[in-house]
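A closer look at the structure
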Amino acid sequence: MNVTAQIPVDYANLSWVTTTRDENRFFRALLDGRLLPARQLAEMKQTVPVSAEFQQLWPKGRYGLGLIERPLGCGGSHWSHEGGDGGCITLNGVTDDGRRSAAVSMSAARGDTKEHILEQENAAGALIDHALCATDPSTP
């Protein structure tokens, strides 16, 4: 079964259906400066703190123009833009220089309670943090 046919794409809000590999490739190209002129990328990275509600999901998170900046457990921060639809959810992260990225795609979104949402967000966020904080730079 082709799952891309099962997930509605919200063109008005620029939704997309892709693979985690292509998602990583896109975010690395964005953050390492291959997609936009430096001035436009700098504008995207001008951030403000996320609301108190989102602080629960993204502690110390900051939001720019379509990018979320989140701290890394090993120091520094990473950029992301997560999303989901049709019961699926994907979290991602890329380092500021675009050299390291990770994406976690889950085929079930536990959105039935705030606790389950937070639990799933924290578990996926820990995977992203671990991948981006790994010491071997040759690991994709």
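Computed from a predicted model, the values in this text were never measured in an experiment.

Criteria and cut-off values
- Residues numbered from 1 in each chain as written.
- Predicted model: local features only at pLDDT ≥ 70, side-chain atom pairs only at ≥ 80, totals over all residues.
- Heavy atoms only, no water.
- Helix = DSSP H or I, 4+ residues; strand = E, 2+ residues; numbered from the N terminus.
- Buried < 20%, exposed > 50% of the residue type's maximum accessible area, 1.4 Å probe, protein only.
- Contact = heavy atoms within 4.5 Å.
- Areas by Shrake-Rupley, 256 points an atom, 1.4 Å probe, with all protein chains shown as cover.
- Pairing = 2+ DSSP bridges.
- Phe/Tyr/Trp six-rings, centres within 6.5 Å; stacked < 30°, edge-to-face > 60°.
- Core = buried A, V, L, I, M, F, W, Y, C linked by side-chain atoms within 4.5 Å.

Let's shift gears to the overall build of the protein chain. When its secondary structure is counted, the protein chain shows four helices and seven strands. Listing every helix and strand of the protein chain by position from the N terminus yields α-α-β-α-β-β-β-β-β-β-α. Looking at the protein chain as a whole, 30% of its 140 residues qualify as buried. For the protein chain, the share of sequence-separated contacts (at least 6 apart) that also reach a separation of at least 24 residues comes to 38%. In the structure as shown, the protein chain presents an accessible area of about 8,800 Å², 56% of it carried by carbon and sulfur atoms.

Further remarks concern the pairing of strand E7 (residues 101-106). Regular strands have side chains that alternate between both faces of the sheet. As paired elements, strand E6 (residues 88-95) and E7 share six bridges and run antiparallel to each other. Residue pairing across strands places Val94 opposite Ser101, the latter belonging to E7. Between the antiparallel neighbours E6 and E7 lie five residues, among them Gly98 with a positive phi of about 75°.

In the sheet, strand E2 (residues 62-63) pairs with strand E3 (residues 68-71) via two bridges, with the strands oriented antiparallel. Looking at the pairing, Arg62 lines up with Glu69 of E3. In this structure, the hairpin formed by E3 and strand E4 (residues 77-80) is closed by a connection of five residues, where Gly75 is found at a positive phi of approximately 105°.

Positive phi outside glycine occurs at Lys60, with the angle close to 60°. Considering the arrangement of structural elements, one finds Lys60 in the loop between helix H3 (52-55) and E2.

The next thing to look at is the packing of aromatic side chains. Under the definition given, this model contains two aromatic pairs. Both rings, one in Phe26 and one in Phe27, keep their centres 5.2 Å apart while their planes meet at 75°; by these two values the pair is edge-to-face. For Phe27, a relative accessible area of 6% puts it in the buried group. Judged by centre distance (5.0 Å) and plane angle (20°), the ring pair of Phe54 and Trp58 falls under stacked. Look at Phe54 and you get partly exposed, because its relative accessible area is 34%.

What follows covers the nonpolar core. In this structure, Leu72, Ile89, Leu91, Ala102, Val104, Met106, Ala124, Ile128 and Leu132 together form the largest nonpolar core, which totals nine residues. The set of elements that each furnish at least two residues to this core consists of E6, E7 and helix H4 (114-133). When sequence neighbours within four positions are dropped, the list of residues in contact with Ile89 reads Gly83, Gly84, Val104, Ser105, Met106, Ala108, Ala109 and Gln120. Core analysis: the second largest hydrophobic core is formed by eight residues, Leu30, Leu31, Leu41 and Leu67 among them.

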